[in-house]
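Structural description and commentary
Residues per chain, in single letters:
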Amino acid sequence: MTRPSASLAPALLLAAALSACAAPLPGIGPGSKREAVDVTAAPWRSLGLVETAAGGRCTGALVSPNTVLTAAHCLIDPRTTQPVPAGAVRFTLAASPTGGTGQARALQAVIGPNFSVAPGPRPDPKAPPDSDWAILLLDQPIAAPSLALSLEAGYLLPGTALAFGGYQADREQEMVADAACAVAGYARDPAGHVMLHHSCAGTVGASGGPLLARLPNGGWVVAGIGSLAEGGVTGGWAVPTASIARVALSNRR
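Quick caveat, the model's predicted, so the values are computed rather than measured.

Cut-offs used in this document
- Residues numbered from 1 in each chain as written.
- Predicted model: local features only at pLDDT ≥ 70, side-chain atom pairs only at ≥ 80, totals over all residues.
- Heavy atoms only, no water.
- Helix = DSSP H or I, 4+ residues; strand = E, 2+ residues; numbered from the N terminus.
- Buried < 20%, exposed > 50% of the residue type's maximum accessible area, 1.4 Å probe, protein only.
- Contact = heavy atoms within 4.5 Å.
- Pairing = 2+ DSSP bridges.
- Axes fitted to C-alpha atoms, helices over the stretch in contact; angles between N-to-C directions.
- Core = buried A, V, L, I, M, F, W, Y, C linked by side-chain atoms within 4.5 Å.
- Disulfide = S-S within 2.5 Å.
- Polar contact = N/O pair within 3.5 Å; in protein donor to acceptor, adjacent residues only side chain to side chain.
- Salt bridge = Lys/Arg side-chain N within 4 Å of Asp/Glu carboxyl O.

A short note on the overall build of the protein chain
- Counting its secondary structure elements, the protein chain contains two helices and 18 strands.
- When each of the 253 residues of the protein chain is scored for burial, the buried share is 51%.
- For the protein chain, long-range pairs separated by at least 24 residues make up 67% of all intrachain contacts whose partners lie at least 6 apart in sequence.

Here you go:
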């Protein structure tokens, strides 16, 4: 693992600014490769479709039998720029054209501290970039504990192989993924908030999806949650799970 590099901070601010006027398919540039994946196979069987009554469609990762990790901006009503009620959020595990392996409503949603969006909606420059995450507590367990993904508590080395998939706007009837990408580095803004820069192809709808790293034992761990992308460029920015873990641990004290 490595400490995030402060030298990438200007790039983080640039990505945040460009996301407000991103191309129709941000995060996908020339030569991007995404392929349909088998939602019954690991790790994709642990991902699902997050939908809101306001029309939002994103991706989420099962981190316990009744808990889902996704992006905070996925839960925002674009008309009000406020979070939708928890009961207006539905999660379908391993969603496919023929259904899914489990479905539940959210009972509660916990959003990253001080997250907000500006009218448009667009990124709010006052919101910490690493607050773009949310945890959904479902109204019932929908999978065995063995399907839950664990969270990386530190920072992976640049160059670490990743896989990134989800229910994307241009192919929303199937899960597609870039299984041959990597950690590009980290950036820290002046307030000390850290973001993970990655080379994974993924566009609208992949937001909230996990950046997955392979463990030596063959399992998978979530290294980040897809958050920002720039139009016409492959890759983007993710909230490191290290940031989420710190908040979760501090709330237990």
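Brief notes about the pairing of strand β2 (residues 47-52)
- The buried fraction of β2 amounts to six of the six residues, a majority that puts the element mostly inside the structure.
- Pairing of β2 with strand β3 (residues 57-64), which is carried by five bridges, proceeds in the antiparallel orientation. Bridge pairing in β3 places Leu 47 opposite Ala 61.
- Here β2 folds back onto β3 in antiparallel fashion, the turn holding four residues, of which Gly 55 has a positive phi close to 100°.
- Pairing of β2 with strand β7 (residues 89-93), which is carried by five bridges, proceeds in the antiparallel orientation. The residue of β7 that forms the bridge with Leu 49 is Thr 92.

Considerations on the sheet that holds β7
- Pairing is antiparallel around the closed barrel formed by six strands, whose spatial order is β2-β3-β4-β11-β8-β7. Neighbouring strand axes in the sheet, compared pairwise and without regard to direction, differ in orientation by 40° on average.

A closer look at the nonpolar core
- Counting residues in hydrophobic clusters, the biggest one holds 46 residues, and the most contacted among them are Leu 62, Phe 91, Leu 93 and Leu 136.
- Looking at this core element by element, the count peaks at four residues for strand β17 (residues 220-229).
- The contact partners of Leu 93, leaving out residues within four places of it in the chain, are Arg 45, Ser 46, Leu 47, Gly 48, Leu 62, Gly 100, Thr 101, Gly 102, Ile 142, Ala 143 and Leu 147.
- Core analysis: the next-biggest nonpolar cluster, separate from the first, contains 17 residues, Phe 164, Cys 181, Ala 206 and Ala 242 among them.

A few points about the side chain of Glu 51
- Within the secondary structure, Glu 51 is located in strand β2.
- Glu 51 has contacts with Gly 56, Arg 57, Ala 88, Val 89, Arg 90 and Thr 92, leaving out every residue within four places of it along the chain.

So, the state of the cysteines
- The full count for this structure, using the stated rule, is two disulfides.
- Between the sulfur atoms of Cys 58 and its disulfide partner Cys 74 the distance amounts to 2.2 Å. The disulfide joining Cys 58 to Cys 74 has a torsion of about -90° about its S-S bond and is therefore left-handed. Of this pair, Cys 58 sits in strand β3 while Cys 74 sits in the loop between β4 (67-70) and β5 (76-77), and the two are 16 residues apart along the sequence. With respect to burial, Cys 58 and Cys 74 carry one shared label: buried.
- The side chain of Cys 181 participates in a disulfide bridge whose partner is Cys 200; the two sulfur atoms lie 2.1 Å from each other. What sets the handedness of the Cys 181 and Cys 200 disulfide is the S-S torsion sign, and at about 85° it is right-handed. One end of the pair, Cys 181, is in strand β14 (residues 176-188); the other, Cys 200, is in the loop between β15 (194-198) and β16 (210-214), and 19 residues separate them in sequence. As far as burial versus exposure is concerned, Cys 181 and Cys 200 are alike and both buried.
- Sequence-ordered numbering of the bonded cysteines in the protein chain yields a pairing of 1-2, 3-4.

Re the side chain of Ser 207
- By secondary structure assignment, the location of Ser 207 is in the loop between β15 and β16.
- At 3.1 Å, the side chain of Ser 207 forms a polar contact with the side chain of His 73.
- Apart from the residues within four sequence positions on either side, Ser 207 is in contact with Cys 58, Thr 59, Thr 70, Ala 71, His 73, Cys 74, Gly 226 and Ser 227.

A word on the pattern of salt bridges
- Throughout the structure, instances matching the rule amount to six salt bridges.
- Note that Arg 90 is salt-bridged to Glu 51, the shortest N-O span being 2.9 Å. Linking Arg 90 in strand β7 with Glu 51 in strand β2, this pair joins segments that are 39 residues apart in sequence.
- Salt bridges linked by common partners bring Glu 51, Arg 57 and Arg 90 together as one network.

Details of unusual backbone geometry
- Note the cis peptide between Ala 42 and Pro 43, where omega equals 0°.
- For Pro 43, the position within the fold is in the loop between β1 (35-36) and β2.
- A cis amide bond links Gly 120 with the next residue in sequence, Pro 121, at an omega value of -15°.
- Mapping Pro 121 onto the fold places it in the loop between β9 (117-118) and β10 (122-123).
- Look at Thr 81: it is not a glycine, yet its phi comes out positive at around 60°.
- Relative to the elements of secondary structure, Thr 81 occurs in the loop between β5 and β6 (82-83).

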